[in-house]
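# Architecture at a glance
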Amino acid sequence: MLARGGLRGAAGVSATGTSPSEEKDETGEPLIARKQIKHAQPWLTQAEEDAVASTVASGRLTMGPATKEFEASVAAFAGRTHAVAASSGTAALQLALAAKGVGPGWTVVLPAYTWVATYNAVVLAGATPVLADVDPLAYTIDPAATVAALDSAVTGGADPGKMAIMPVHMFGYRAGAGWLPDLARERDLTVIGDGCCSFGGIAGGERCGAWSPLEAFSFHPRKVVTAGEGGMLLTDDDEVAAKLRALRDHGAHRSAEQRRQTGAGGPMVPEFELGYNFRITEMQAALGAAQMLRIGELLRARRDVGLRYDELLVDGPAWLRPPPRLAGGPGAEPDGDDRILTFYPVTLWGSRADDAPAKLAASWADGDAAAVAKADKLGAWRDRLMGDLAAAGVAARPPMLSLPDLPYVQERSHLAPTDYPVSSLLARLTFSLPLHHEVTWDDQRQIVRLLREIPSSWHSLDERIAAVDRALGKAQS
Ligand SMILES: Cc1ncc(COP(=O)(O)O)c(C=O)c1O
């Protein structure tokens, strides 16, 4: 049994005076992880080091063979005609919006639960972001909320001919499966997929990158494949690809003749339009290309960790819901190969029933006192649990955020968290477990044991403290 705060404190010494490594559960086993388990870490080998070193040695530091190789390997992996590398996932999103002509006068619908980059890219393009709530089981943009967001934008005076949607493929799960392509056709929507945190995801036989006509990836170190920093856009459209290449390179359009001349140091000047410098360096591209040569093992390692959590969490706490076993959306039944995860999120909905999240979110949005109290309690548990896990050596993190929780978003977009209840609750109730190649079966057994036992120790502790308080109260009266 744990003493109050027994797994807390930077120094790692509990209120009982014992160090966490001496704490035992009732079976006599130590209650903390035997080592520090990181939340995420890139899997880098000698091959990556050699690739970067030889690029530096080559003296070609930007827009060279490594960039071409990285682009070709990602295009082939996702089954797309063109891959255009950029300096980050955010830069890729900005390039995509610019290449599709999305700017002032445009409305862009995006999910409320995402990373700030999705929203910022739209605002920086000069377009108006309109948020839609997400599906509580798939963590991706909700179809009914999307239609409502589009309709209310039009009612509010938005130009129906200038509407775009940015579905965010979340944690490896596909957004919009089964409904978004039809809606986009019916309403003539420009679709730009934010697959920044879903590289490697597969649904319906298609890889992320091919889930929308134009999709963006990130190669930040927390992702399945890293280039240090980096991004990529995938499309089958020749014109869009040419535009993206120009826009990332100061808006420079080069004809084949100009490219030959430039290569030979000739005088011909490319034609320019307004553009960015969002080029990727050769060192980043070399790292990314070396990772792509190992893509099979990178994906397998994560999938195996994910499948083991699935299995262990069958007996996990009933108030905590593991992610749905799907890549394509509720109802899909993938085999193991579909289980590609950037994060392993778990959400404290208080129940595992499929309808519990939607019910809690609806009552919470209505201001129902019991739902508000329940959400507050579960949110406090989430925070306390992450703190106690950290003290026990296990790093857990909230993986995404709810845009309506951010003051600058509230001010700019005139909205309130209660308008997006699922997103707001996901941001308060979700955390993700360590997921990377070094996480072992033993680590995972320990993590799931901690998930079960830490909260039960609070419960019994709270009861004991209440009994002491009662006894003291009697003694004093
Ligand atoms: C959903 C989403 N969009 C965009 C980004 C931005 O990618 P980057 O950090 O490479 O700019 C991220 C990064 O985590 C993300 O998760």
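Not measured: the values here are computed from a predicted model.

### Observations concerning the sheet that holds strand S7 (residues 193-194)
Sheet architecture is open: four strands sit in the order S1-S11-S10-S7, paired in mixed fashion. Edge positions in the sheet fall to strand S1 (82-86) and S7, since each has one partner strand and no second. As paired strands, strand S10 (residues 214-218) and strand S11 (residues 231-235) are joined by five bridges and run antiparallel to one another. From the neighbouring strand, Ser 218 faces S11, where its bridge partner is Gly 231. The sheet contacts of helix H3 (residues 89-99) involve S1, S7, S10 and S11, and relative to S10 the element is tilted by about 160°. This element, helix H7 (residues 238-247), spans S1, S10 and S11 of the sheet and lies at about 15° to S1.

### Quick look at the pattern of salt bridges
Counting across every chain of the model gives 18 salt bridges. Between Arg 174 and Glu 206 there is a salt bridge whose closest N-O contact spans 3.4 Å. Here the residue Arg 174 occupies a position in the loop between strand S5 (163-165) and helix H6 (180-187), and Glu 206 occupies one in strand S9 (residues 206-207), the gap between them amounting to 32 residues. For Glu 206, a relative accessible area of 34% puts it in the partly exposed group. As a salt-bridge pair, Arg 254 and Asp 249 come within 2.9 Å of each other at their nearest N and O atoms.

### Regarding the side chain of Thr 107
Within the secondary structure layout, Thr 107 lies in strand S2 (residues 107-111). Leaving out residues up to four positions away in the same chain, Thr 107 has contacts with Thr 128, Val 130, Ala 153, Ala 158, Lys 162, Met 163 and Ala 164.

### Description of the confidence of the model for the protein chain
Averaged over all residues, the pLDDT of the protein chain is 88; the fraction at 70 or higher stands at 87%. Under a pLDDT of 50 for its full length, residues 1-22 has, in the predicted model, 42 contacts with residues more than four places off or in other chains. Overall, residues 327-337 carries pLDDT values under 50, and its contacts beyond four positions in sequence, including any with other chains, amount to 20 contacts.

Rules used in this analysis
Residues numbered from 1 in each chain as written. Predicted model: local features only at pLDDT ≥ 70, side-chain atom pairs only at ≥ 80, totals over all residues. Heavy atoms only, no water. Pairing = 2+ DSSP bridges. Helix = DSSP H or I, 4+ residues; strand = E, 2+ residues; numbered from the N terminus. Contact = heavy atoms within 4.5 Å. Axes fitted to C-alpha atoms, helices over the stretch in contact; angles between N-to-C directions. Salt bridge = Lys/Arg side-chain N within 4 Å of Asp/Glu carboxyl O. Buried < 20%, exposed > 50% of the residue type's maximum accessible area, 1.4 Å probe, protein only. pLDDT = per-residue confidence, 0-100.

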